[in-house]
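# Structure assessment
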Amino acid sequence: MKVGVVKENAPGERRVALVPEMIARLRDAGLDVLVESGAGAAAWFADSSYAEAGASIVTRRELLEDADLIVTVGRPDDQLVAGLAAGKAVLGMLNPLADPAFAAALAERGVTAISLDGLPRTLPRAQSMDALTSQANVAGYKAALVAATAFGRYFPLLITAAGTARPAKLLVLGTGVAGLQAIGTARRLGAVVSAYDVRPQTKSEVESLGAAFIELTSVAGAAGGGGYARELTADERQAQQAELTGHIARHDIVITTAQVPGRRPPLLLTDDAVKAMAAGSVVVDMAASPLGGNVANSVPGETVVTENGVTIIGAGNLAATVPTAASSAFARNVSALLLHMVAGGALAIDTSDEIQAGVVIAHGGSVVHAATAALLAAGTAGGTPQ
Ligand code: NAD
């Protein structure tokens, strides 16, 4: 089987799905690797490095003709999809729950679609394949740096001849993978960090990183299935927003990461909460999306300064801005999943396997992923209104 690595062309995307280090491992499993010329350039992996590792450097046209399976980071572009013949496969972050129609389009073309974001993440043997975690780690780290760069003061306590600077007070809302990494990074930069999550079981993880965990009296825990949060009811949401507002106003910097699978991100910083913050405060909304984010009026990929002087950064694709580390981790996840799914040098689709049942979205002309198929049948996607 020939595995093809595309050059990503979404705006701002600098990652690549496979890095040279992984080529030998795939070749050992009987896979040939074709790399579109320039695929790794934006992440500082030269064509020559892939070639030295045993890959063939090809044009996009050759890639489409010769590769049996194409690996991507994000959703493949329309031109690539149009060039995929029946029987070929594509593996990447296809986000089928947000975009089930895309999964259906691939199925109609007879393309096998494999999506890393469907992985059963709590399964120990799937951890090396968990790209959501690897990319959230990178993004959480970068969110703390983005906040530090936008902030007009220091993060650490600094005592100098020119005076003493008090440490920044930073609040992280949502302490999953990205939130915990943001806490660790902000702590290393010297900020005083507090954090809150609607899943109370994250308290010990937060405290082990040296941050204080905030407990709200108005909202009981809201753990859902698979280690995720459930969506709050309208009453819970309002009570949470109101109680958080007081905490938010006492911080210089807020980083928000809250997500609920298959739903719009919950609104945590209302307009009133932002208005209550002091001039010079910084908010990084890692959940900013076209559907809305955790912060009122945040815009993905854009920075807005409010009338009261609060800088709201709608984080775009932060993992793509640390491309070498993010690609290396992503490539390890892709390779681990591929090696799990390959037998005798070819893809062996078997949805009775728990991992494959999560990641195989389309195969044999149909959408086989249960949750995606259910969304298509219901004619809905992308969650409920706030
Ligand atoms: P996520 O990106 O879905 O959400 C980020 C955080 O937002 C979560 O901690 C969630 O509880 C929180 N959140 C949602 N609604 C909120 C609200 N209204 N207010 C405050 N916080 C809210 O989560 P994630 O980082 O992808 O991971 C979620 C969980 O899955 C974590 O517990 C993680 O440890 C677990 N996980 C486990 C494994 C494993 O067992 N191997 C692997 C990956 C993830």
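Notes on the structure follow.

Thresholds applied
Along each chain, residue indices are assigned from 1 in the same order as the chain's sequence is written. Totals for whole chains, interfaces and linings use all residues, but because this is a predicted model, local features are given only for residues with pLDDT of at least 70 and pairs of side-chain atoms are given and counted only at 80 or more. Excluded from the side-chain calculation are hydrogens and water; included are all heavy atoms of the structure. A pairing counts as a salt bridge when a side-chain nitrogen of Lys or Arg comes within 4 Å of a carboxyl oxygen of Asp or Glu. Buried residues are those whose accessible area, probed at 1.4 Å on protein chains only, stays under 20% of the maximum for their type, while exposed residues exceed 50% and partly exposed ones sit between those limits. Think of it this way: any DSSP run of H or I at least four residues long counts as a helix, any run of E at least two long counts as a strand, and we number them from the N terminus. Here, residues are in contact when the closest pair of their heavy atoms is within 4.5 Å. By nonpolar core is meant a set of buried Ala, Val, Leu, Ile, Met, Phe, Trp, Tyr and Cys residues that side-chain atoms within 4.5 Å join together. Pairs of strands are assigned from DSSP output, requiring at least two bridges between the strands. With axes taken as lines fitted to C-alpha atoms, and helix axes fitted only over the stretch in contact, angles between N-to-C directions fall between 0 and 180 degrees. Summary of the distance rule: residues count as near a molecule or strand when at least one heavy atom falls within 4 Å of that molecule or strand. Contacts described as polar in this section are N or O atom pairs within 3.5 Å, which, within protein, must combine one atom able to donate a hydrogen with one able to accept it, while residues neighboring in sequence count only if both atoms come from side chains. In short, Shrake-Rupley with a 1.4 Å probe defines the accessible areas, and a residue's cover is counted only from the protein chains shown. When residue character is reported, Ala, Val, Leu, Ile, Met, Phe, Trp, Tyr, Cys and Pro are called nonpolar, Asp, Glu, Lys and Arg charged, and the others, Gly included, polar. In what follows, roughly perpendicular refers to angles from 65 to 115 degrees, roughly parallel to angles under 35, roughly antiparallel to angles over 145, and oblique to any angle outside these ranges. Aromatic rings from Phe, Tyr and Trp, with only the six-membered ring used for Trp, were paired whenever their centres fell within 6.5 Å, and each pair was classed as stacked if the ring planes differed by under 30 degrees, edge-to-face if by over 60, and tilted otherwise. A ring has a charge above it when a Lys NZ or an Arg CZ is no more than 6 Å from the ring centre and no more than 35 degrees off the ring normal.

On inspection of all chains with the given rule, the structure shows 16 salt bridges. One salt bridge connects Glu13 with Arg15, and the closest N-O pair in it is separated by 2.8 Å. Judged by its relative accessible area of 12%, Glu13 falls in the buried class. Linking Lys275 and Asp271 is a salt bridge whose minimum nitrogen-to-oxygen distance equals 3.7 Å. Residue Lys275 and its partner Asp271 are both found in helix 10 (residues 271-275); the two are separated by four residues, about one turn of the helix. Through salt bridges with shared partners, a single ionic network connects Glu36, Arg60 and Asp77.

Following the sequence through the fold, Pro323 ends up in helix 11 (residues 323-341). A relative accessible area of 6% places Pro323 in the buried class. Sequence spacing of Pro323 and Gly309 is 14 residues, and the spatial spacing of their C-alpha atoms is 31 Å. Other than its neighbours up to four places away in sequence, Pro323 contacts Arg14, Arg15, Ala42 and Ala43.

Moving on, we come to the nonpolar core. Leu18, Leu69, Val71, Leu91, Leu337 and Leu338 are the most contacted members of the largest nonpolar core, which has 42 residues in total. Of all elements in the fold, only strand 1 (2-5), helix 1 (23-28), strand 2 (32-36), strand 4 (69-71), strand 5 (89-92), helix 11 and helix 12 (354-359) reach the threshold of two or more residues within this core. Here this core takes seven residues from helix 11, the largest share from any one element. Setting aside its immediate chain neighbours within four residues, Leu69 contacts Met1, Lys2, Val3, Gly4, Ala89, Leu91, Ile114, Leu338 and Leu347.

In spatial order, the strands read 3-2-1-4-5-6-18-19; together these eight strands make up an open sheet with mixed pairing. In the strand order of this sheet, the two ends are held by strand 3 (56-58) and strand 19 (366-367), each with one partner. When strand 4 meets strand 5, the two strands line up parallel, connected through three bridges. Bridge pairing in strand 5 links Leu69 to Ala89.

The strand order across the open sheet formed by seven strands is 11-10-9-12-13-15-14, and the pairing between neighbours is mixed. Of all strands in the sheet, those with a lone pairing partner are strand 11 (212-213) and strand 14 (303-305), marking the two edges. In this sheet, strand 15 (residues 311-314) lies alongside strand 13 (residues 282-285) in parallel orientation, the contact comprising four bridges. Looking at the pairing, Val284 lines up with Ile313 of strand 15. In the packing of helix 9 (residues 234-249) onto the sheet, contacts are made with strand 9 (169-173), strand 10 (192-196) and strand 12 (253-256), and the angle to strand 9 comes to roughly 160°.

A few words now on the site of the ligand. In the vicinity of the ligand lie 24 residues, with Arg121, Gln127, Val177, Asp197 and Arg199 positioned nearest. The contact in question runs from an oxygen atom of the ligand to an N or O atom on the side chain of Asp197, over 2.6 Å. With the chains in place, 84% of the 830 Å² that the ligand exposes on its own is no longer accessible. Among the residues making up the shell around the ligand, the classes are represented as 10 nonpolar, 10 polar and four charged.

Neither face of strand 13 is exposed, since Val282 and Val284 on one face and Val283 and Asp285 on the opposite face are all buried. Relative to strand 13, strand 12 runs parallel, the two sharing four bridges. Counterpart to Thr256 in the pairing with strand 13 is Asp285.

Looking now at the side chain of Ser298. Looking at the secondary structure, you find Ser298 in the loop between strand 13 and strand 14. Of the residues examined, Ser298 reaches a relative accessible area of 12% and is grouped as buried. Contacts of Ser298, omitting those with residues within four sequence positions, involve Asp285, Ala288, Gly293, Ile312 and Gly314.

Closest axis-to-axis distance for the helix 6 (residues 131-150)/helix 11 pair is 9 Å, and the angle between their directions is 170°. Classed by the angle they form, the pair helix 6 and helix 11 counts as roughly antiparallel. Where helix 6 approaches helix 11, its residues Ala131, Ser134, Gln135 and Val138 are matched on the opposing element by Ala326, Ala329, Phe330 and Asn333.

Secondary-structure assignment places Gln240 in helix 9. The residues contacting Gln240, other than those within four sequence positions of it, are Tyr196, Val198, Leu216, Ser218, Val219, Leu232 and Leu268.

Moving on, we get to the packing of aromatic side chains. Summed over all chains, the structure comprises one aromatic pair. Aromatic pair Phe151 and Phe155: ring centres 6.2 Å apart, planes at 65°, arrangement edge-to-face. No difference in accessibility class separates Phe151 from Phe155, as the two residues are buried. Just above the ring of Phe102 sits the side chain of Arg75; from NZ or CZ to the centre is 4.0 Å.

Let us look at unusual backbone geometry. Its identity is not glycine, yet Trp44 carries a phi of approximately 70°, on the positive side. Within the element layout of this structure, Trp44 appears in the loop between strand 2 and helix 2 (47-52). Even without a glycine there, the phi angle at Asn297 is positive, about 70°.

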